[in-house]
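Observations on chain architecture
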Amino acid sequence: PPAHSRNDWIGPPDKHSNLRPVIFYVPPEESPLERRLREARQEAQACNQRFWARHNRAFCQEKEEFIYSRLKAKGLEMRDETGQKATLNAEEMADFYKDFLSKNFRKHMQYNR
């Protein structure tokens, strides 16, 4: 951000976490209490970034493995004869989403705490 800015700056979504990073404004005469609050906010942002980057990576990997295994069970390849990526229907994907959410329920509960 420009030196004369007196606001926090919010960037575009991160490609791994999908969270928008924040560059926090630091007032020239920041009090110790203001500094503690800013640092706590920065720490929370870093924790959120790590959690969602790991979570999204696991989600994508498990989703690809699920699709591959279901297609393989049907005797299909990952790409059809035209080179298009093969897909599953909404009901089949609902099985994956339900299972993924169930497996990660405790992680989400811990994150929310």
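Residues numbered from 1 in each chain as written. Predicted model: local features only at pLDDT ≥ 70, side-chain atom pairs only at ≥ 80, totals over all residues. Heavy atoms only, no water.

Naming follows an unreviewed UniProt entry, where the chain appears as APOP1 protein of Chroicocephalus maculipennis. Quoted verbatim from the Subcellular location (unreviewed entry) heading of the UniProt record, the comment on the chain is "Mitochondrion inner membrane". (UniProt positions renumbered as here; feature names shortened; annotations may be inferred.)

1. Focus on the nonpolar core
One finds Phe66, Ile67, Leu71, Ala86, Leu88, Met93, Phe96 and Phe100 forming the largest nonpolar core, which totals eight residues. Looking at this core, the elements that each hand over two or more residues are helix 1 (32–73) and helix 2 (90–103). (Core = buried A, V, L, I, M, F, W, Y, C linked by side-chain atoms within 4.5 Å. Buried < 20%, exposed > 50% of the residue type's maximum accessible area, 1.4 Å probe, protein only. Helix = DSSP H or I, 4+ residues; strand = E, 2+ residues; numbered from the N terminus.)

2. So, the pattern of salt bridges
By the definition in use, this model includes seven salt bridges. Note that Glu39 is salt-bridged to Arg35, the shortest N-O span being 2.8 Å. Placement of both Glu39 and Arg35 in helix 1 is noted, with a separation of four residues, approximately one turn of the helix. Residue Lys103 is joined to Glu62 by a salt bridge in which the shortest nitrogen-to-oxygen separation is 2.7 Å. (Salt bridge = Lys/Arg side-chain N within 4 Å of Asp/Glu carboxyl O.)

3. Things to note about a positive patch on the surface
On the surface, a cluster of positive charge is contributed by Arg50, Arg54, Arg57 and Lys107. Here the element with the most residues in the positive patch is helix 1; it accounts for three residues. With respect to the helices and strands, the residue Arg50 is situated in helix 1. Note on Arg50: relative accessible area 44%, which makes it partly exposed. (Patch = residues over 30% accessible without salt bridge, like charges linked within 9 Å, V, L, I, M, F, W, Y side chains within 5 Å. Areas by Shrake-Rupley, 256 points an atom, 1.4 Å probe, with all protein chains shown as cover. Lys, Arg positive; Asp, Glu negative; His and termini not counted. Charge placed at Lys NZ, Arg CZ, Asp CG, Glu CD.)

4. So, the packing of aromatic side chains
In total, this model carries nine aromatic pairs according to the counting rule given. With a centroid separation of 5.4 Å and an interplanar angle of 80 degrees, the aromatic rings of Trp52 and Tyr111 are classed as edge-to-face. Separated by 59 residues along the polypeptide, Trp52 in helix 1 and Tyr111 in helix 3 (residues 105–112) bring together distant segments of the chain. Judged by relative accessible area, which is 29%, Tyr111 ranks as partly exposed. (Phe/Tyr/Trp six-rings, centres within 6.5 Å; stacked < 30°, edge-to-face > 60°.)

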